[in-house]
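Structural overview
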Amino acid sequence: EFADHKKGGMEVNAVGSASLLHTASSAPCVVVDYKTGNFSNAADRLKCPSKVNPLGGDYWRQIVFYKILTDADRREPWHMTCGEIDFIEKDGKSGEFKKVRIDVIQEDVEIVKGQIKDVYSRIMSHQFTEGCNEGDCEWCAMQRVLIRL
């Protein structure tokens, strides 16, 4: 478990738990997160930000978040440069277990820190105006109720 308690330029308390942390005395650490489900369905979640998806995929963002937390953790001199998403179920197409390495650069860290600060700011100011707008989404229905209050 890692925590960022107003360190590393963040004004948001953040905690995260990774599945595994590979460390060696002279090598960078590698954070591994295990995932269930089919690798074939995860392609978009692994992508970095693009014009089509400016927020990046969920798994990409998660690995960058671990980098933010390891950088802020002063208990150990972590030096994380990449993370891995390890799928623990065989891929439906290839029949193989898949592992994806995600390299993290400082630009990625700045993007995700900006996303965290933006979301935190909107939460603190009760700005819950975005949603998927699917007709049967219970969260969007709750949002519509809250807006009327």
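In this text, all values refer to a predicted model and were calculated from it rather than measured experimentally. (Residues numbered from 1 in each chain as written. Predicted model: local features only at pLDDT ≥ 70, side-chain atom pairs only at ≥ 80, totals over all residues. Heavy atoms only, no water.)

**Here we look at the pattern of salt bridges**
- Under the criterion given, the structure shown has 8 salt bridges.
- In this structure, Asp58 and Arg61 form a salt bridge, with 2.7 Å as the shortest nitrogen-oxygen distance. Taken as a pair, Asp58 and Arg61 lie in helix 1 (residues 58-72) at a separation of 3 residues, close to a single helical turn.
- Lys67 serves as the salt-bridge partner of Asp71, at 3.0 Å between the closest nitrogen and oxygen. Taken together, the residues Asp71 and Lys67, both in helix 1 and 4 residues apart, mark about one turn of the helix. (Salt bridge = Lys/Arg side-chain N within 4 Å of Asp/Glu carboxyl O. Helix = DSSP H or I, 4+ residues; strand = E, 2+ residues; numbered from the N terminus.)

**Observations regarding the sheet that holds strand 6 (residues 99-103)**
- Taken in spatial order, the 4 strands of this open sheet run 3-4-5-6, and their pairing is mixed. Each edge of the sheet is formed by a strand with only one pairing partner; in this case those strands are strand 3 (20-22) and strand 6. Across the sheet, the axes of successive neighbouring strands diverge by a mean angle of 25°, strand direction being ignored.
- Two strands pair when backbone bridges link them, and strand 4 (residues 29-35) and strand 5 (residues 80-87) are joined in this way by 7 bridges, in the parallel orientation. Looking at the pairing, Lys35 lines up with Phe87 of strand 5.
- Set on the sheet, helix 1 makes contact with strand 4, strand 5 and strand 6; between it and strand 5 the angle comes to about 140°. (Pairing = 2+ DSSP bridges. Axes fitted to C-alpha atoms, helices over the stretch in contact; angles between N-to-C directions. Contact = heavy atoms within 4.5 Å.)

**Side note on the packing of aromatic side chains**
- Per the stated rule, a full pass over the model turns up 2 aromatic pairs.
- Ring centres of Phe39 and Phe87 lie 5.3 Å apart, and the angle between their planes is 80°; this geometry places the pair in the edge-to-face category. Linking Phe39 in the loop between strand 4 and helix 1 with Phe87 in strand 5, this pair joins segments that are 48 residues apart in sequence.
- Given the relative accessible area of 2%, Phe87 is considered buried.
- In textbook terms, an aromatic cluster arises when at least three aromatic residues are bridged by ring pairs, as seen for Phe39, Tyr59 and Phe87. (Phe/Tyr/Trp six-rings, centres within 6.5 Å; stacked < 30°, edge-to-face > 60°. Buried < 20%, exposed > 50% of the residue type's maximum accessible area, 1.4 Å probe, protein only.)

**Some details on the packing of helix 1 against helix 2 (residues 106-124)**
- Interaxial distance between helix 1 and helix 2 falls to 9 Å at its minimum, and their mutual angle equals 95°. By the angle class used here, helix 1 and helix 2 are roughly perpendicular. Note on element contacts: helix 2 touches helix 1 through Asp108, Val109, Ile111, Val112, Lys113, Gln115 and Ile116, opposite Trp60, Arg61, Val64, Phe65, Lys67 and Ile68. (Parallel < 35°, antiparallel > 145°, perpendicular 65-115°, else oblique.)

**Some remarks on the nonpolar core**
- Grouped together as the largest cluster of nonpolar side chains are 23 residues, with contacts concentrated most on Ile63, Ile85 and Ile102.
- Counting residues per element, the ones that place at least two in this core are strand 4, helix 1, strand 5, strand 6 and helix 2.
- Broken down by element, the residue count for this core peaks at 8 residues, all from helix 1.
- Discounting residues that sit within four places of it in the chain, Ile63 has contacts with Val31, Met80, Gly83, Glu84, Ile85, Ile102 and Val104. (Core = buried A, V, L, I, M, F, W, Y, C linked by side-chain atoms within 4.5 Å.)

**Quick notes on the confidence of the model for the protein chain**
- The pLDDT averaged across the protein chain works out to 83; a share of 87% of its residues lies at or above 70.
- Ranking the elements of the protein chain by mean pLDDT puts strand 1 (residues 2-5) last with 48 and strand 6 first with 96. (pLDDT = per-residue confidence, 0-100.)

**Topic: the environment of Gln143**
- If you trace the backbone, Gln143 turns up in helix 3 (residues 138-148).
- Taking the C-alpha atoms as reference, Gln143 lies 9.9 Å from Asn133; in sequence the two are 10 residues apart.

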